[in-house]
Amino acid sequence: MRIFGYRISVGALAGFAIVFANLFAAIFAPVIAPYGQADLVGDVWAAPSAQHWLGLDSLGRDMLSRLLFGARTTISIALLITICSFVIGIVTGFAAAIVGSWIDMVLSRFVDALMAIPTLISALVILSVMGTSVPVLICTIAALDSTRVFRLCRAVGLNIAVMDYVEVARLRGETLWWIMRREVLPNALPPLITEFGLRFCFAFLFIASLSFLGLGIQPPLADWGGMVRDNAQAINFGGMAPLIPAAAIAQLTIGVNLVVDWFLSIHSRTHGEGA
Amino acid sequence: MSAEILRMESLQITAQPEHGGPGKAIVEDVDLVLHPGEVLGLIGESGAGKSTIGLAALGYTRPGCQITGGRVLFEGMNLRDASAEARRRLRGRHIAYIAQSAAAAFNPAKTLYAQICEGPIRHGVMAREQARAEAIQLFRELDLPSPESFGNRYPHQVSGGQLQRAMAAMAMSCHPDILVLDEPTTALDVTTQIEVLAAIRKLIREHHTAGLYITHDLAVVAQVANRIMVLRHGRKVEEGEADQILLRPQEDYTRALVSIRQAKVTRPAASAVESVPLLQLKAVKASYAKLAHVVDGIDLSVRKGETVAVVGESGSGKSSLARVITGLLPRESGEILFHGQSLEPALARRSRDLLRRIQMIYQMPDVALNPRQRVQEIIGRPLAFYQGMDGAKRKDRVRELLQAIDLPPEFAQRFPGELSGGQKQRVCIARALAAEPDLLICDEVTSALDPLVAEGILELLGRLQRDLGYAYIFITHDIGTVRRIADRVAVMLEGRIVAEGSLGKVFAPPYHPYTQLLLSSVPEMRTDWLDGVLAERGQVKEPVSTAPG
């Protein structure tokens, strides 16, 4: 079997299956979920049964339904964060690589300063000052995450910016925007796609940990990290409720990583052929 | 000659594609015999399989390749069946290899001694002290400066030519029976090439070592080899004594290789050259990071329909001169007039129309074309950018341009990766033509190409000039090319022009000493050329260059 003209391994196939299953759940949650995400339908931490396949949560809501709706919020917000951070990182990183001189200097030192502070601490400070609405959450994590993307894009961009075809474009009088978009970006795609997958996982885990601390997505919206926190107490009584959203986080992380590994392998392979 | 030392019988080497599928034969049915003390030249263009055969002599194939047929016999032992351990004992000890790029073959973190003595010590041939003494002896034989301390240096502390000779010392350190030389002088300047060539030849003769000399340059191999084998597409075309191949080639392909560089490219009539200069440089100076001037007081003028060749060795500042003219490296002082008007020093301040009029063609077509753009887009972009052409009109113009560079119209849909080296360079030319320029700066446009392909590119440039009247600045280190295409020549050395004028004036006595050194260093198609040059130069070494060795 082939995808994008490349042979695909069993692991990558499993990864794609997991990712698509999650996307399916996220998109069709309102259709396939048996109950609403905020509906109280039974006893607190009721065991799994024919009506409630995964049991009930700390308030008596259906766990499966919340898991499906949770996929919606968690994945869409993580995706938005990753896209935003990539837009910021790619534009600034490529600009630094292509133009160089003082622009590179200023941007690089600014990024160094941002990276010197642990991400979680910065996020906690910003979120506690600005409030925890979803847009603020997205902007904050995207901005913090874009520092890593900047570093990658600058490094990749520097290698491409020295190519003669970039010089040809400069001699032609092309704008920076055009050079970035048409000459550099297409040649930087393989490592960027790989990084996109990894950063998506990190964004996703980061929201989960923020939610766990109570600064992430606010109730009654379901999200997987928040669900772990809400049900954490069940562990004391031998319940398995917190393990279910935790397992959901784990499976998506593994799935995305399997796909990323495959991208990495085909990327390094094409490089080997060129040598 | 006594018994043979190496024999290859109907050798076949196949490249296995990574994702399965049928293998592609790189070498097919090649027979080869080498006697002790004899040098066999392997000649061919890229893809002829000559390096693959050279490596097969060590019982080695590149990753993805495999010896699929025939035998490789070293003193009667078939290397194909030999164990990995047996082959390891052979390599370096009995059969040694000299690679094209010494800079890439040396470990930059270790001294030359450590790397040269490694072979004899690891093979248990010599003790450390003896290996060291041996290395010093080799350095002396190779005419390296201060042989006693030379080995204490790191690879970056010696020049390219010295490093290449150090690699010869490394290969010779175990006194091997066979030396495989893979384009050992190709990356060097002509004046350095002579030194390395003479040193290697002396070494091989004195140690009575057999050699496989791999190169694409027939004139070079003729100086070293007793016999020459011509290869093409992995097959033997012709084999014979060096003199016989040069003087009485049997096959058409060999004849083409021999006669190359002799025909003159048809030039426009002198009347086509206008008297008013198109581009005029007056005392132009420029430097990188305000250090020493890489372009130091250049005066030069180019007229419409004229070809001015700028000749010099690497580091002479000839490519920097091109960067100054295009504005990538803004000049610090002096004046550049284009169509009689002063040219802004920096690229960013020049108008779009001005940028259009000066176009550049690069040495390496591989990196001058964006691998993710189709030919249609590569050639079409200048049309859209400068002339605002779009849609069907642009498509038609791209087709016309493809026709002008002798490529079929279907090529518009190809990516650069689907083109050969010569075709890529043609696309680069078409991209420059699309801008409808007045001046084309050609920076070593043929030096990365095989001779016959380069020939085609030169013909094309000549024809375009006749038809469309472009002015060319032709930057090159290849005197042969200059003789054939230039009206006027400027010889550069250390950022200055040391000789300038018409071809007949510069390349005829009385010469500037550096011009003479350059001219006499160009290999000629006869076997006694190197002897003649060395005899003529006698004891004199590096008469002009003031650069640190």
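Residues numbered from 1 in each chain as written. Chains lettered and ligands numbered in written order. Predicted model: local features only at pLDDT ≥ 70, side-chain atom pairs only at ≥ 80, totals over all residues.

Caption draft 1: Focus on the overall build of chain B. Helix and strand counts for chain B stand at 23 helices and 20 strands. By its C-alpha atoms, chain B is 70 × 55 × 45 Å across when sized along the principal axes. Considering chain B as a whole, with its 549 residues, one finds that 46% of them fall into the buried category. At a minimum sequence separation of 6, the contacts of chain B that also span at least 24 residues come to 70%. (Helix = DSSP H or I, 4+ residues; strand = E, 2+ residues; numbered from the N terminus. Buried ≥ 20, exposed ≤ 12 C-beta atoms within 10 Å, placed from the backbone. Contact = placed C-beta atoms within 7 Å.)

Caption draft 2: Spatial organisation of the sheet that holds strand 9 (residues 227–232) of chain B. All names here are of chain B. Taken together, the six strands give an open sheet; going across it, the order is 6-7-8-3-9-10, and neighbouring strands pair in mixed fashion. Both edges of this open sheet fall to strand 6 (95–98) and strand 10 (235–241), since each of them pairs with a single strand only. Strand-to-strand, the axes of this sheet are offset by a mean angle of 15°, without reference to chain direction. Pairing of strand 6 with strand 7 (residues 178–182), which is carried by four bridges, proceeds in the parallel orientation. Residue pairing in the sheet places Ile98 in a bridge with Leu181 of strand 7. (Pairing = 2+ DSSP bridges. Axes fitted to C-alpha atoms, helices over the stretch in contact; angles between N-to-C directions.)

Caption draft 3: Layout of the interface of chain A and chain B. With 14 residues of chain A at the interface, the matching set in chain B holds 18 residues. Listing elements by their share of the side of chain A that touches chain B, those giving two or more residues are helix 7 (164–172) and helix 8 (176–212) of chain A. Counting residues per element, the side of chain A that touches chain B draws most heavily on helix 7 of chain A, at seven residues.

Caption draft 4: Main features of the nonpolar core. In this structure, Val310, Ile473, Phe474 and Val491 of chain B are the most contacted members of the largest nonpolar core, which totals 104 residues. Residues contacting Ile473 of chain B, with those up to four places away along its chain left out, are Val302, Val308, Val310, Leu439, Ile441 and Cys442 of chain B. (Core = buried A, V, L, I, M, F, W, Y, C linked by C-beta atoms within 7 Å.)

Caption draft 5: Focus on the packing of helix 4 (residues 101–116) of chain A against helix 6 (residues 134–161) of chain A. Residue and element names in this part refer to chain A. In the contact formed by helix 4 and helix 6, the axes pass within 10 Å of each other and the chain directions differ by 135°. Between helix 4 and helix 6, the interaxial angle falls into the category oblique. Crossing handedness for the pair helix 4 and helix 6: left-handed. Taking contact as the criterion, the partners of Val111, Leu114 and Met115 in helix 4 are, on helix 6, Thr147, Phe150 and Arg151. (Parallel < 35°, antiparallel > 145°, perpendicular 65-115°, else oblique. Left-handed = near helix turned anticlockwise from the far one by under 90°.)

Caption draft 6: A look at unusual backbone geometry. All names here are of chain B. Residues Pro509 and Pro510 are joined by a peptide bond in cis, for which omega reads -5°. Structurally, Pro510 can be placed in the loop between helix 21 (503–506) and helix 22 (513–520). Even without being glycine, Asp29 reaches a positive phi, approximately 55°. Structurally, Asp29 is set in strand 2 (residues 24–34). For Asp29, a count of 14 C-beta atoms within 10 Å corresponds to the partly exposed category. Here His175, not a glycine, exhibits a phi torsion of approximately 50°, which is positive. Here His175 lies in the loop between helix 8 (160–172) and strand 7.

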